[in-house]
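Listed below are the residues making up each chain.
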Amino acid sequence: MKTRISKYTILAALFLGGIAFFVTGCDSEDSPDNGGLDNYFKNNPYVSDPRIERDSYLTVTPSLANVGEVGQQVLFRVSGGSGGYTWDVSYPGRGTIQGEPASSDAIYTVRSVADNEVIVYDSVGHAGIAFISAAAASSSALAMTASSTQLNVDGAKCVLTAVGGVPPYAWAVDDVARGNVSANAGNSVIYTRFNAGDNAVSLTDSAGTVLYIVIQQP
């Protein structure tokens, strides 16, 4: 017995088959590939626009310090942010940093004469950075800079920085009863006034050059 198939049945079958083919083809060509998306976002990470309040910035002094020998120390000082500072370095094998949360100062000690980064965070996660450079010894003349040369009250501080010459540097104070420096070595030190009376701080580089600066303490 023959079954008669109408032309309308044939047309309907062809129509449905065409839709199935179209959907299958679209799925294979345009559907997102999860692996491809993962690779895209891995290679093209989204970075949001940082919105940092003005008082959240951390400033590290010095921003760049040159080092020339193992054991050399550099004093860093941070300002700004919310206090409660935590210090770190990018490469602990090249140098270490030590500082107290209640203090804005930290000392970097060279383990290997190589570039490094010093990073400081405050209590709410804001960060500041300074750089360690294993640059060749400077051929420029030794010089000394001071953030201030007059301290009017006991407890006042100033930052003294060595520039040029041949590091490492050594610091000394004429009268430690009137004031003293935070370290005996390093590119920068912090001088603190103890009592009234002018005082002098000396800076000596490894070539034996000596400089003096007078801190006025009325």
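Residues numbered from 1 in each chain as written. Predicted model: local features only at pLDDT ≥ 70, side-chain atom pairs only at ≥ 80, totals over all residues. Heavy atoms only, no water.

Visitor: Account for the overall build of the protein, with residues named and values stated.
Guide: Check the secondary structure of the protein and you find 2 helices and 15 strands. Within the protein, the fraction of its 218 residues that count as buried is 30%. When contacts within the protein are restricted to residue pairs at least 6 apart in sequence, long-range pairs at least 24 apart make up 53% of them. Total accessible area on the protein stands at roughly 13500 Å², and carbon and sulfur atoms take up 55% of it. (Helix = DSSP H or I, 4+ residues; strand = E, 2+ residues; numbered from the N terminus. Buried < 20%, exposed > 50% of the residue type's maximum accessible area, 1.4 Å probe, protein only. Contact = heavy atoms within 4.5 Å. Areas by Shrake-Rupley, 256 points an atom, 1.4 Å probe, with all protein chains shown as cover.)

Visitor: Account for the sheet that holds strand β7 (residues 116-121), with residues named and values stated.
Guide: Sheet architecture is open: 4 strands sit in the order β2-β8-β7-β4, paired in mixed fashion. In this open sheet, the two strands that pair with only one neighbour each are β2 (64-66) and β4 (86-89). Averaged over all neighbouring strand pairs, the angle between strand axes comes to 20°, with direction disregarded. In this sheet, strand β8 (residues 127-133) lies alongside β2 in parallel orientation, the contact comprising 3 bridges. (Pairing = 2+ DSSP bridges. Axes fitted to C-alpha atoms, helices over the stretch in contact; angles between N-to-C directions.)

Visitor: Lay out the sheet that holds strand β5 (residues 95-99) with the relevant residues and their values.
Guide: Overall, antiparallel pairing links the 4 strands, which are arranged β1-β3-β6-β5 in an open sheet. Looking along the sheet, the strands with just one partner apiece sit at the ends: β1 (58-61) and β5. On average, adjacent strands in this sheet sit at an angle of 25° to one another, irrespective of strand direction. Two strands pair when backbone bridges link them, and strand β3 (residues 73-80) and strand β6 (residues 105-110) are joined in this way by 5 bridges, in the antiparallel orientation. Bridge pairing in β6 places F76 opposite A106.

Visitor: Got a sec to walk through the pattern of salt bridges? Specific residues and values, please.
Guide: For the structure on display, the rule yields 3 salt bridges. The residue D154 makes a salt bridge to R193 at a minimum N-O spacing of 2.8 Å. With D154 in the loop between β9 (143-146) and β10 (157-163) and R193 in strand β13 (residues 188-193), this residue pair connects regions lying 39 residues apart in the sequence. Looking at D154, the relative accessible area reads 46%, which means it is partly exposed. With its nearest N and O atoms 3.2 Å apart, the salt bridge here joins R178 to D175. (Salt bridge = Lys/Arg side-chain N within 4 Å of Asp/Glu carboxyl O.)

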